[in-house]
Each structure stands twice: as C-alpha cells, then as structure tokens.
Amino acid sequence: AAGVIQSPRHLIKEKRETATLKCYPIPRHDTVYWYQQGPGQDPQFLISFYEKMQSDKGSIPDRFSAQQFSDYHSELNMSSLELGDSALYFCAISRKGGGQETQYFGPGTRLLVL
Amino acid sequence: AQTVTQSQPEMSVQEAETVTLSCTYDTSESNYYLFWYKQPPSRQMILVIRQEAYKQQNATENRFSVNFQKAAKSFSLKISDSQLGDTAMYFCALRETSGSRLTFGEGTQLTVNP
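Now for a quick tour of the structure. (Residues numbered from 1 in each chain as written. Chains lettered and ligands numbered in written order. Predicted model: local features only at pLDDT ≥ 70, side-chain atom pairs only at ≥ 80, totals over all residues. Heavy atoms only, no water.)

This next bit is on the overall build of chain B. Scanning chain B from terminus to terminus reveals zero helices and 12 strands. Each helix (α) and strand (β) of chain B, taken in turn from the N terminus, gives the series β-β-β-β-β-β-β-β-β-β-β-β. Compactness check: chain B gives a C-alpha radius of gyration of 14 Å against a globular reference of 13 Å for 114 residues, within 12% of the reference. Oriented by its inertia axes, the alpha-carbon framework of chain B measures out at about 45 × 25 × 20 Å. Among the 114 residues that make up chain B, the fraction classed as buried is 47%. In chain B, once contacts between residues fewer than 6 apart in sequence are set aside, the share between residues at least 24 apart is 56%. If you sum the accessible surface of chain B, you get close to 5400 Å²; carbon and sulfur atoms cover 46% of it. Positive and negative side-chain charges of chain B, numbering 10 and 11 respectively, have mean locations separated by a distance of 7 Å. (Helix = DSSP H or I, 4+ residues; strand = E, 2+ residues; numbered from the N terminus. Rg over C-alpha atoms; globule rule 2.2 N^0.38 Å. Buried < 20%, exposed > 50% of the residue type's maximum accessible area, 1.4 Å probe, protein only. Contact = heavy atoms within 4.5 Å. Areas by Shrake-Rupley, 256 points an atom, 1.4 Å probe, with all protein chains shown as cover. Lys, Arg positive; Asp, Glu negative; His and termini not counted. Charge placed at Lys NZ, Arg CZ, Asp CG, Glu CD.)

Here it is in structure tokens:
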C-alpha cells in the first residue's frame, strides 16, 4: 500500500551477525504481518501482531523475534544470521473493520547474508 | 492446513490478447478470502483482486476478473487486453477467517509479448 515504509531497503550482513528490520504502517492500519520470500520462492508467513499483541505465528525461527510498538510500527529482530536467511522480507498491513482481510505489502527489505 | 496450488510455472501471451491463470486450493473452512497478487521485476507485491468465498458473484477489477468455483476449490484469474506492464509473477493466496496469515501458491510467471 502506498505509504507503508520498510527500512532499510537493502541490508548486507555477515554470518552470525544480527539485523533489525523495521516497518511503519499507514494510519489506522493496526495489524502488521511479516513474510519471508527466498529466491524463486513464494512468500512464507513469519508472524503477525494486532494491537501490539502477537496474533499468529508461522515458520519463524527461534533466532528471530518481533514486536509491535505503541505507535504501531513493528520490528523484526534477527540474530545469529545464516546464509539461508538471505531473502526479501515483507511487512504487510491490514485495517480492523472493513477490509481487515486484505493485506497490503510494503516494498520489502532485501537481506543478503555473506 | 490450508494449501494453494498453481500448476502453471510459466505462461506467455501476446499483447492485447486474453490469458487465464489457474489456481486451486484446499481449506476445511466454509468462509475464507482469496486473492491474486502480482510481483513485477521490482519485487513489490501488488494486490490485483480479491474474492470473498461467501459471495457468489465473481470479482472484477477493470481488465482483471476471476472465475471462482467454490465446490471445485478453483480460483482462476483472467486478464483481458493484456499489456506489457502485466508482465510479472502472479501469486494466488488464501486467507482463512479463523486466522490472519496468507498462504501463497508457487506463482505463475506471466510474460506479455509485443
């Protein structure tokens, strides 16, 4: 959706380092989702938050954690990075009420682990 | 568990012609939502069209329309008057009402030829 901000847009890390990805939803969109898309793959759901509480959890490694803050922005923290973590990470948002079922994606963060 | 299958890894169409992308899914729920997203070379995930399972009428958005067959669990996307800008990877996705995650198919790479 227009206005969903993800930062950084590109990130290069070494193995075993940590990374923090950020997502800033547009106003009145209170649910945030994180997806991981590996090369040539479809997006895989990692985790979601509604009103700052974890609402669903998918295939997120134990090395990863995430939270949603009082201003509704969200951060995905990734530790002990592995080569296989190289992927495109999307944040998606939806809005409570009409249209809650529809998720709009941010531009993504491209993470490369060397 | 919900699953989504796209059996056409690649398709091509001539500019101005019509093309149909196939998608089948499986879910144990009676109410759910189906989506088509496109991912152009920029890797941005863009919502194309959505369908509520409880609605009999097929969704339409300009040149894009769907053929939703609930009993057959089929959800195909028809693109009319194909344009060069339609060249992209197209993902079919399912969201059950009991959860929040999107489950994606493997994707179909569509190429529109001049």
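Moving on: the nonpolar core. Residues and elements named next belong to chain B. Ranked by internal contacts, the top residues of the largest apolar core, which has 25 residues, are Trp36, Phe75, Leu77 and Tyr90. Contributing elements (two or more residues each) for this core: strand 3 (19–21), strand 5 (32–39), strand 6 (46–52), strand 8 (64–69), strand 9 (74–79), strand 10 (88–96) and strand 12 (108–113). The element best represented in this core is strand 10, accounting for four residues. Those residues in contact with Tyr90, other than ones at most four positions away along the chain, are Gln6, Leu21, Trp36, Tyr37, Lys38, Val48, Phe64, Leu77, Ile79, Gly107, Thr108 and Leu110. (Core = buried A, V, L, I, M, F, W, Y, C linked by side-chain atoms within 4.5 Å.)

Another point: unusual backbone geometry. Trans peptide bonds make up most of the peptide bonds, and negative phi angles are found at most residues other than glycine. All names here are of chain A. Across the junction of Ser7 and Pro8, the peptide omega takes the value -10°, indicating a cis bond. Tracing the sequence through the fold places Pro8 in the loop between strand 1 (5–7) and strand 2 (10–13). In this structure, Ser80 takes a positive phi of about 45° despite not being glycine. Summarising the element assignment, Ser80 is placed in the loop between strand 8 (74–78) and strand 9 (87–94).

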